[in-house]
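Given next are the chains, with one letter for each unit.
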Amino acid sequence: MELTVNLTNHSYDLLIKRHQLPEIGTWVASLWEPQKIAIITDETVANLYGKIVCESLEISGFNAYLIAIPPGEASKNLVVAEQIYTKLAELGLTRSDGIIALGGGVVGDLAGFVASTYMRGLHFLQVPTTLLAQVDSSIGGKTAVNTTIAKNLVGTFTQPDGVLIDPDTLTTLEPRRIREGLAEVIKCAAIADSNLWALLDNLIDETDVLKHAEEIILACCEVKRSVVEQDEFDNGRRLILNFGHTIGHAIEQTMGYGVITHGEAVAIGMCQLTKTTEQKGWTELGTTQKLEQLLVKFNLPIDLAEWNSEKLYAALSHDKKTRGNQLKLIVLERLGQVKIIAVDITEMQEFLVH
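What you see as residue numbers is a count from 1 along each chain, following the sequence as written. For a predicted model such as this one, the threshold for reporting local features is a pLDDT of at least 70, and the threshold for listing and counting side-chain atom pairs is 80 or more; totals across whole chains, interfaces and linings nevertheless cover every residue. Excluding hydrogens and water, the side-chain figures rest on all heavy atoms present in the structure.

This brings us to the UniProt feature "binding site: Zn(2+)" (unreviewed entry) in the protein. Summarizing the sequence annotation, UniProt attributes the feature "binding site: Zn(2+)" (unreviewed entry) to E184, H245 and H262 in the numbering used throughout. Of the residues just listed, which span 79 residues, no C-alpha pair is farther apart than 10.0 Å, and they cluster in one region. Numbered from the N terminus, helices here are DSSP runs of H or I no shorter than four residues, and strands are runs of E no shorter than two. With respect to the element layout, H245 can be found in helix 9 (residues 245-255). Throughout this description, buried means an accessible area under 20% of the type-specific maximum (1.4 Å probe, protein chains only), exposed means over 50%, and partly exposed covers the range between. Exposure remark for H245: the relative accessible area of 5% places this residue in the buried category. Contacts are residue-level and defined by heavy atoms, with any inter-residue pair within 4.5 Å sufficient. Beyond its immediate stretch of four places on either side in the chain, H245 contacts E184, K187, H262 and V266. UniProt positions are given in the numbering used here, feature names are shortened, and annotations may be inferred rather than shown by experiment.

Because an α-helix completes one turn every 3.6 residues, residues spaced three or four positions apart along the sequence face the same direction. The end-to-end C-alpha separation of helix 4 (residues 105-117) is 18 Å, in line with the 18 Å expected for 13 residues at 1.5 Å each. Counting buried positions along helix 4 gives twelve out of 13 residues, so the element sits mostly inside the fold. Taken together, the buried positions of helix 4 are G105, V106, V107, G108, D109, L110, A111, G112, F113, V114, A115 and S116. Take the number of residues in a helix, subtract one, and multiply by 1.5 Å to get its expected span.

Moving on, we come to the nonpolar core. Think of a nonpolar core as a cluster: buried Ala, Val, Leu, Ile, Met, Phe, Trp, Tyr and Cys residues, connected wherever their side-chain atoms sit within 4.5 Å. Core analysis: the biggest nonpolar cluster contains 75 residues, and L196 and L200 have the highest contact counts within it. Domain segmentation is taken from an automatic or database assignment of domains. Lining this core are residues from two domains, each supplying at least three of them: domain 1 (2-170) and domain 2 (175-351). In this structure, I67, V107, L110 and Y118 belong to the second largest nonpolar core, which totals 22 residues.

Given a rise of 1.5 Å per residue, 18 residues ought to cover 26 Å, and the 26 Å separating the end C-alpha atoms of helix 8 (residues 213-230) matches this to within 8%. Its buried side turned inward, helix 8 meets strand 1 (2-5), strand 2 (12-16), helix 5 (131-137), strand 9 (162-165), helix 6 (175-192) and helix 7 (194-202).

Whether two aromatic rings pair depends on their centres lying within 6.5 Å, for rings of Phe, Tyr and Trp, where Trp uses its six-membered ring; planes under 30 degrees apart make the pair stacked, over 60 edge-to-face, and the rest tilted. One pass over the full model with this rule turns up three aromatic pairs. Between Y85 and Y118, the aromatic rings sit 6.4 Å apart at their centres with planes inclined by 15 degrees, giving stacked as the arrangement. In this pair, Y85 sits in helix 3 (residues 78-91) while Y118 sits in the loop between helix 4 and strand 6 (123-128), placing the two residues 33 residues apart along the sequence. Aromatic side chains F157 and F233 sit 5.4 Å apart centroid to centroid with 85 degrees between the ring planes, which places their arrangement in the edge-to-face category. With F157 in strand 8 (residues 154-157) and F233 in the loop between helix 8 and helix 9, this residue pair connects regions lying 76 residues apart in the sequence.

Packing of helix 9 against helix 12 (residues 309-316) leaves a shortest axis separation of 8 Å and a crossing angle of 110 degrees. Accordingly, the angle class assigned to the pair helix 9 and helix 12 is roughly perpendicular. Relative to helix 12, helix 9 is oriented so that their crossing is right-handed. Between helix 9, through T246, A250, I251, Q253 and T254, and helix 12, the contact on the second element is made entirely by K311, L312, A315 and L316. Polar here means any residue other than Ala, Val, Leu, Ile, Met, Phe, Trp, Tyr, Cys and Pro, which are nonpolar, and Asp, Glu, Lys and Arg, which are charged; Gly is therefore polar. Looking at the contact of helix 9 with helix 12 residue by residue, the class counts come to five nonpolar, three polar and one charged. In this analysis an axis means a line fitted to C-alpha atoms, helices contributing only their contacting stretch, and an angle means the value between N-to-C directions, from 0 to 180 degrees. Any angle that is under 35 degrees is reported as roughly parallel, and any over 145 degrees as roughly antiparallel; angles of 65 to 115 degrees are reported as roughly perpendicular and all others as oblique. Crossings are classed by handedness, with left-handed meaning an anticlockwise turn of the near helix from the far one by less than a right angle and right-handed meaning a clockwise turn.

Along the chain, K187 turns up in helix 6. A residue is classified by how much of its surface remains accessible, and K187, at 1% relative accessible area, is buried. Contacts described as polar in this section are N or O atom pairs within 3.5 Å, which, within protein, must combine one atom able to donate a hydrogen with one able to accept it, while residues neighboring in sequence count only if both atoms come from side chains. Looking at K187, its side chain comes within polar contact range of the side chain of E184, at 2.9 Å. With residues near it in sequence (within four places) discarded, K187 still touches D136, L241, F243, H245 and M270.

The next thing to look at is the domain arrangement of the protein. If you check the domain split of the protein, you get domain 1 (2-170) and domain 2 (175-351). In this structure, domain 1 and domain 2 have C-alpha centres spaced 25 Å apart. What counts as buried area is the accessible surface, traced by a 1.4 Å probe, that two parts surrender upon association, with contributions from both included. Contact between domain 1 and domain 2 buries roughly 3100 Å² in total, counting both sides, with carbon and sulfur atoms accounting for 65%. Counted as salt bridges are all cases of a side-chain nitrogen of Lys or Arg within 4 Å of a carboxyl oxygen of Asp or Glu. Here domain 1 is connected to domain 2 by five salt bridges. A salt bridge links E252 to K151, with the shortest nitrogen-to-oxygen separation between them at 3.3 Å.

Glycine aside, the phi torsion of most residues is negative, and most peptide linkages are trans. The backbone of M119 sits at a positive phi, close to 55 degrees, despite the residue not being glycine. When you line up the elements, M119 lands in the loop between helix 4 and strand 6. Even without being a glycine, N299 presents a positive backbone phi close to 60 degrees. On the secondary structure map, N299 appears in the loop between helix 11 (287-297) and helix 12.

A few words on the packing of helix 10 (residues 262-279) against helix 11. When two helices pack together, their arrangement is captured by the angle between the axes and the distance separating the axes. Two elements in contact, helix 10 and helix 11, have axes separated by 9 Å at closest approach and are oriented at 165 degrees. Classified by the interaxial angle, the pair formed by helix 10 and helix 11 is roughly antiparallel. Judged by the twist between their axes, the crossing of helix 10 over helix 11 is left-handed. Of the residues in helix 11, those in contact with A267, M270, C271, T274, K275 and E278 of helix 10 are T287, T288, L291, E292 and L295. By residue class, the composition of the contact of helix 10 with helix 11 is five nonpolar, three polar and three charged.

With five of six residues buried, strand 6 is to be regarded as a mostly interior element. When the strands point away from the viewer and the path from the first strand over the helix to the second turns clockwise, the crossover is right-handed. Considered for its hand, the β-α-β crossover made up of strand 5 (residues 98-103), helix 4 and strand 6 is right-handed.

Listed below in structure tokens is the structure:
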């Protein structure tokens, strides 16, 4: 399966196909001339796929170097980015060389940020190995690192030259990581794809997802491609992809990065937001119940025991989607239909009542 993201200045293809990681060198050779390539990954993924990827690239005429960081959200920061800059300089990478992000969303965000800022930009490819990255973060060109103030506060828009998605990598994920990606899958279904919602509704549990991996990944990529093509720089329609993320990011920041996964935080954020918008009459009655039932079926959380409205409000006040004193909320009118509503930042306190 192949999709093309058609953008004004930089179009690229997404390849979704099993058994492709051992053949990655051939794919890269179809996109890049021979050059040095830094494969940025985490230690877990490096142990699983590092040797296979490096060997395939070397066979195809590239000089491949593996740079592995500690796994987890805590590595997505400027300190680790600077360590990678130093390593790239020691390896002698120049602007005619490239970076491959091999891993989940943390690796993709961090590697993309490094690729876009080292020497003002290197060639860049995304090879996502988690469900979360395959259905969401590897597509669309957003890169970022976290700070102590807020998640993804420092970042760039940098489209990759291509995205290679091999669903076989999902077989090595622990169940919690599958569930993390499923939160973003459910988000896609809720905002834009009733057929995907029906598919998920008919699955038994998260273990059943792997049997339908290609179909699910393709559906999510179709949603994201459509939105990114309409609004590459996140000023309008693309904001709908942030459904549940405003509160979700605040939960991640206050709980401590890595304590709760991104998907778990988004799941709670979607429920908290929709519960409130349903109470306000902005959302069709019964929507929250349907959303919660699907999340629970896939063993995702719908609430947070350590709820602290004051800390959450302080965190979301620094959300990068804020414009002046206003923040744009993504409201689920009904399943498959959303709208964007601008609210004063002070109104967000109403959405945090627990």
